[in-house]
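Tertiary structure, described
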Amino acid sequence: MRPLSAAIPDPTSASVFGLPLWLWVVLGGAALFGAFQAYYWIGHALGPRLYASRVGRRIRPEHVRAAENAVRRWGALAVYGCFWVPVLRHTLPWVAGVLRVSYPWYVVASALGCLTWVPVTSFGLYSVIWGWAGLAGESPLAAGAVAAAVVAAVVLLVRWRRRKAARRAEEARLPRSPEALCHDDSHA
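First, a word on scope: everything that follows refers to the structure included in this document. (Residues numbered from 1 in each chain as written. Predicted model: local features only at pLDDT ≥ 70, side-chain atom pairs only at ≥ 80, totals over all residues. Heavy atoms only, no water.)

**Considerations on the packing of helix 2 (residues 21-46) against helix 7 (residues 103-138)**
This is how the line gets drawn: The convention used is that axes are lines fitted to C-alpha atoms, helices contributing only their stretch in contact, and that angles between N-to-C directions extend from 0 to 180 degrees. Numbered from the N terminus, helices here are DSSP runs of H or I no shorter than four residues, and strands are runs of E no shorter than two. Each crossing is labelled by how the near helix is turned from the far one, with a counterclockwise turn of less than a right angle marking it left-handed and a clockwise turn marking it right-handed. In this analysis, two residues are considered to be in contact whenever any of their non-hydrogen atoms come within 4.5 Å of each other. Here the nonpolar group is Ala, Val, Leu, Ile, Met, Phe, Trp, Tyr, Cys and Pro; Asp, Glu, Lys and Arg are the charged ones; every other residue, Gly included, is treated as polar.
Interhelical geometry of helix 2 versus helix 7 gives an angle of 145° and a closest axis separation of 9 Å. Pair helix 2 / helix 7 crosses with right-handed handedness. Mapping the contact onto sequence places Leu21, Val25, Gly28, Gly29, Leu32, Phe33, Phe36, Gln37, Tyr40 and Trp41 in helix 2 and Tyr103, Tyr106, Val107, Ser110, Ala111, Cys114, Trp117, Val118, Pro119, Ser122, Phe123 and Tyr126 in helix 7. Considered class by class, the residues forming the contact of helix 2 with helix 7 number 17 nonpolar, 5 polar and no charged.

**Some details on a nonpolar patch on the surface**
Going by this rule: Two distance rules govern patches: like charges are joined within 9 Å, and nonpolar side chains (Val, Leu, Ile, Met, Phe, Trp, Tyr) within 5 Å, applied only to residues with over 30% relative accessible area and no salt bridge. We get accessible surface area from the Shrake-Rupley algorithm with a probe of 1.4 Å; when it comes to residues, only the shown protein chains can shield them. Salt bridges are defined by distance alone: a side-chain nitrogen of Lys or Arg within 4 Å of a carboxyl oxygen of Asp or Glu. Three labels apply to residues, based on accessible area from a 1.4 Å probe with only protein chains included: buried if under 20% of the type maximum, exposed if over 50%, partly exposed otherwise in between.
Where nonpolar side chains cluster on the molecular surface, the patch consists of Trp132, Val146, Val150, Val154 and Val158 and spans about 400 Å² of accessible area. Within the secondary structure, Val146 sits in helix 8 (residues 140-173). Overall, Val146 belongs to the partly exposed group, its relative accessible area being 37%.

**Observations concerning the pattern of salt bridges**
All told, the structure shown has 1 salt bridge when counted by the stated rule. For Glu68, the salt bridge identified is with Arg72, shortest N-O distance 3.9 Å. Here Arg72 and Glu68 lie together in helix 4 (residues 61-74), a separation of 4 residues that amounts to about one turn.

**A word on the environment of Val79**
Its location among the elements puts Val79 in helix 5 (residues 76-82). Taking the C-alpha atoms as reference points, Val79 and Gly113, separated by 34 residues in sequence, lie 7.7 Å from one another. Not counting the four nearest positions on each side in its chain, Val79 is found in contact with Leu92, Tyr106, Ala109 and Ser110.

**As for the packing of aromatic side chains**
Our working definition: Two rings belonging to Phe, Tyr or Trp (six-membered ring only in the last case) form a pair when the distance between their centres is within 6.5 Å. Interplanar angles under 30 degrees mark stacking, angles over 60 mark edge-to-face geometry, and anything in between is tilted.
Applying the stated criterion to the full structure yields 9 aromatic pairs. Judged by centre distance (6.5 Å) and plane angle (45°), the ring pair of Phe36 and Tyr39 falls under tilted. Pair noted here: Phe36 and Tyr39 are both in helix 2, with a separation of 3 residues, about one helical turn. Classification of Tyr39 as partly exposed rests on a relative accessible area of 29%. Residues Phe36 and Phe83 carry aromatic rings whose centres are separated by 4.6 Å and whose planes lie at 15° to one another, so their mutual orientation is stacked. Remark: Phe83 occurs in the loop between helix 5 and helix 6 (86-98) and Phe36 occurs in helix 2; sequence separation between them is 47 residues. The pair formed by Phe36 and Phe83 is uniform in burial state, with each residue classed as buried. Site record: aromatic cluster; members linked through ring pairs are Phe36, Tyr39, Phe83, Trp94 and Trp117.

Such coordinate-based values are descriptive only and should not be taken to indicate function.
Next comes the structure, spelled out in structure tokens:
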């Protein structure tokens, strides 16, 4: 039996395209931090016109409202939190600029977000990819089954979310009158 230390790979030995993984993580974090600053200043410069711009039209109105509500409620703390919420991560930096979140706090929150989110996702993704590749090396059939299960889960999740969104949209279109709330017509 091998000692436990032999089963754990050296984290500094991992590389992608010849560069160490830790360097990719640092470069990715710096690039994401730079992108967050650019998004803030674009939102700041455009102000409310952002929503009518090409970028603003690509962002769904319900996502903009969610980001605005988060920024109004939590301020710069929402900037840190948005790293962990997929939709907000791509919407909130623009909205924070439009709503004029305090820039020094925005910088601190986005720096902390980059310092925590980038390594976690990078090493987590690296672990998943190499874990699957190791499984494929030992049992291609099992790796194919895992890949098929993941694809099926993603398809089911997307369908479920679309149905949920369609139900919400339908409920929003229906009038909310007292008669609509009454099921047995005894109060009509």
